[in-house]
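Report on the structure
Read off the chains here:
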Amino acid sequence: MDLFYEPRLRDALFRAYFDARKNKRNTINALNFELDLEGNLRRLYEDIMYGTYTISPSICFIVEKPVKREIFAANFRDRVVHHYVINQLMDIFENQFIYDSYSCRAGKGNLFGILRLQKFIRSCTDNYRRDAYILKLDIRGFFMNIDKRHLCDRIMNLVLRKYDGWDREILLPLIRQIVMNDPTTGCIVKGHLSDWDGLPPSKSLFRTGDGCGLPIGNLTSQIFANYYLSDFDRHMKEDLKLKYYGRYVDDFFVVHRDMEFLRSLIPHVRAYLKETIGATLHPDKVYLQSCYKGVSFLGAYIAPFRTYPARRTQGNFREAVNDIARRCPDLDDIVPKEEMKLAEARLNSYLGVCGHYRAFRLCDRMLAGIPERFVKRFEVDELYRKVLWSELPQ
């Protein structure tokens, strides 16, 4: 019997493997999978074809930045399946999304969302020649309160109606298993239980109701969650005719010239979300202000004629610089190579963000806090786009 007797599935799994290993190639799971790549893909192929595929236990941990969140990291083998499913179905999902939903879509990310909001404000205010207002809302515990049965039924119906690919009957059971999987069952907890201290119950899958919640960290969760809110997006754009509306995951905004209209929109949105998907607005994250006062969105602060890194972004940048100083307090001129690489990567990530806003003075102020033993080994380009580490000859 041939190794891959359905060449289309073989090719799709190879493509999914290469997509899954991007930025993950040096992880233990990815390396273990690659050690016997052909054998692992063959076994995965057979499990999918014969309907014996099962999801492996996830690794659960807490991240603190940019905000405290509970993450469930899928096994690399399952990540390959996630990419296979999304690669096959992304076109039909894209047809369901409005232009102004920005999460996990090609060419549409944080920066795109920031620029769209900036453009909406300028258009609505006639380039700040007249007043307009911005309403910004947030869905409380969004991922943790997604009704999995409702979501699964919607996706299955969409695939049956819109997808006529050769592998439709292969995809349907995979979709059901991915959506309905409970990642808390048999999960491997990384870290200490005390890491969960301070995490609200609405942000943990360990405390959700039965049949609720998608794990943050999976590609499928991001795309499926986007589809979960696609009807809400169309209601806002098409039914309510809101020209200046946009959404990134569970954060969404409306720009309008009538403040009272925006104020009246809040109870309507609250009722619509409750009735259609059982979601609730976060009571502490209702923002309604004049566009002249500026607004924070996706790590940026959009003010008249200027956009800055948000305070939280600046604070994280400062903390990263301070952490570099703390990690090597007593070293002489010879700094370990690993520390230099880590410092270079962390600094460049923040310089890249700041570069979008031409925040040169902020970069200069932040870099001034780096210890001298690091500074003399770094080269910073004139526009603060990146730092380059020079390894001294042995």
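For the structure itself, consult the block above.
These lines cover the structure that appears in this document, whether it is placed above or below.

Conventions and cut-offs
Residues numbered from 1 in each chain as written. Predicted model: local features only at pLDDT ≥ 70, side-chain atom pairs only at ≥ 80, totals over all residues. Heavy atoms only, no water. Helix = DSSP H or I, 4+ residues; strand = E, 2+ residues; numbered from the N terminus. Rg over C-alpha atoms; globule rule 2.2 N^0.38 Å. Buried < 20%, exposed > 50% of the residue type's maximum accessible area, 1.4 Å probe, protein only. Contact = heavy atoms within 4.5 Å. Areas by Shrake-Rupley, 256 points an atom, 1.4 Å probe, with all protein chains shown as cover. Lys, Arg positive; Asp, Glu negative; His and termini not counted. Charge placed at Lys NZ, Arg CZ, Asp CG, Glu CD. Pairing = 2+ DSSP bridges. Axes fitted to C-alpha atoms, helices over the stretch in contact; angles between N-to-C directions. 1 Å grid on protein atoms, 1.4 Å probe; cavity = no way out; pocket = protein on both sides within 12 Å on 5 of 7 lines; lining within 4 Å. Points joined across faces, edges and corners; volume = space filled by probe spheres on them. Nonpolar A, V, L, I, M, F, W, Y, C, P; charged D, E, K, R; others polar. Parallel < 35°, antiparallel > 145°, perpendicular 65-115°, else oblique. Left-handed = near helix turned anticlockwise from the far one by under 90°. Salt bridge = Lys/Arg side-chain N within 4 Å of Asp/Glu carboxyl O. Polar contact = N/O pair within 3.5 Å; in protein donor to acceptor, adjacent residues only side chain to side chain. Core = buried A, V, L, I, M, F, W, Y, C linked by side-chain atoms within 4.5 Å.

Thoughts on the overall build of the chain
Scanning the chain from terminus to terminus reveals 14 helices and 12 strands. Radius of gyration (C-alpha) of the chain: 24 Å, near the 21 Å computed for a compact globule of 394 residues. If one aligns the C-alpha atoms of the chain with their principal axes, the spans along those axes are about 70 × 65 × 40 Å. Burial status across the chain gives 47% buried among its 394 residues. In the chain, the proportion of contacts linking residues at least 24 apart, taken out of those at least 6 apart, comes to 72%. Entry remark: accessible area of the chain is about 20300 Å², with carbon and sulfur atoms responsible for 50%. One way to put it: in the chain the 61 positive side-chain charges average out to a point 5 Å from where the 51 negative ones average out.

Some words on the sheet that holds strand β5 (residues 245–248)
Read from one edge to the other, the open sheet built from four strands follows the order β5-β6-β3-β7, with strand pairing classed as antiparallel. Edge positions in the sheet fall to β5 and β7 (287–290), since each has one partner strand and no second. Shown here is a sheet whose adjacent strand axes are inclined to one another by a mean of 15°, direction ignored. Relative to strand β6 (residues 251–256), strand β3 (residues 133–138) is paired through six bridges, and the arrangement is antiparallel. Bridge pairing links Y133 to H256 in β6.

Overview of the pairing of β5
Burial of β5 is two-sided: the residues Y245 and R247 facing one way and the residues G246 and Y248 facing the other way are all buried. Bridge count between β5 and β6: four bridges; the pairing is antiparallel. By the bridge assignment, Y248 is partnered in β6 with D251. Linking β5 back to β6 in an antiparallel pair, the connection comprises two residues, with V249 at a positive phi of about 55°.

Some details on the layout of surface pockets
Taken as a whole, the second largest pocket encloses approximately 280 Å³ of empty space. Lining the second largest pocket are N23, K24, T27, I28, N29, I59, F61, A73, A74, F76, R79 and K190. Residue composition of the lining of the second largest pocket, grouped by class: six nonpolar, three polar and three charged.

Considerations on the packing of helix α6 (residues 148–162) against helix α7 (residues 168–180)
At a minimum axis separation of 9 Å, α6 and α7 run at an interaxial angle of 165°. Judged by the angle between their axes, α6 and α7 are roughly antiparallel. Both α6 and α7 take part in a crossing whose hand is right-handed. Contacts from K148, R149, L151, C152, I155, M156, V159 and L160 of α6 reach α7 at R168, L172, I175, R176, V179 and M180.

As for the side chain of E70
By the secondary structure assignment, E70 is in strand β2 (residues 69–73). The side chain of E70 is buried and forms no salt bridge, while R207, the nearest opposite charge, is found at 7.6 Å. Polar side-chain contacts of E70 include one of 2.7 Å to the side chain of S204. Only 2.7 Å separates the side chain of E70 from the backbone nitrogen of L205, close enough to count as a polar contact. Residues in contact with E70, not counting those within four places in the same chain, are C60, F61, I62, W196, L199, K203, S204, L205, F206 and I216.

Some words on empty space enclosed by the protein
Gaps left between atoms are located by rolling a probe of water-molecule size over the structure's atoms. In this structure the tally under the stated criterion is two cavities of 30 Å³ or more. By volume, the largest cavity amounts to about 130 Å³. Along the walls of the largest cavity sit 16 residues, with H82, I178, N181, P215 and N218 positioned nearest its centre. Secondary-structure elements contributing two or more residues to the lining of the largest cavity are α4 (76–94), α7 and α8 (219–228). The greatest single-element share of the lining of the largest cavity, amounting to three residues, is contributed by α8.

Focus: the nonpolar core
Counting residues in hydrophobic clusters, the biggest one holds 101 residues, and the most contacted among them are Y84, V255 and L273. Of the residues forming this core, the biggest block, 10 residues, is contributed by α4. Beyond its immediate sequence surroundings of up to four residues, Y84 is in contact with L9, A12, L13, A16, W166, D167, I170, L171 and L174. Ranked by size, the runner-up nonpolar core spans 16 residues in total, among them A320, V321, C354 and C363.

Read these as spatial facts, not as claims about activity.
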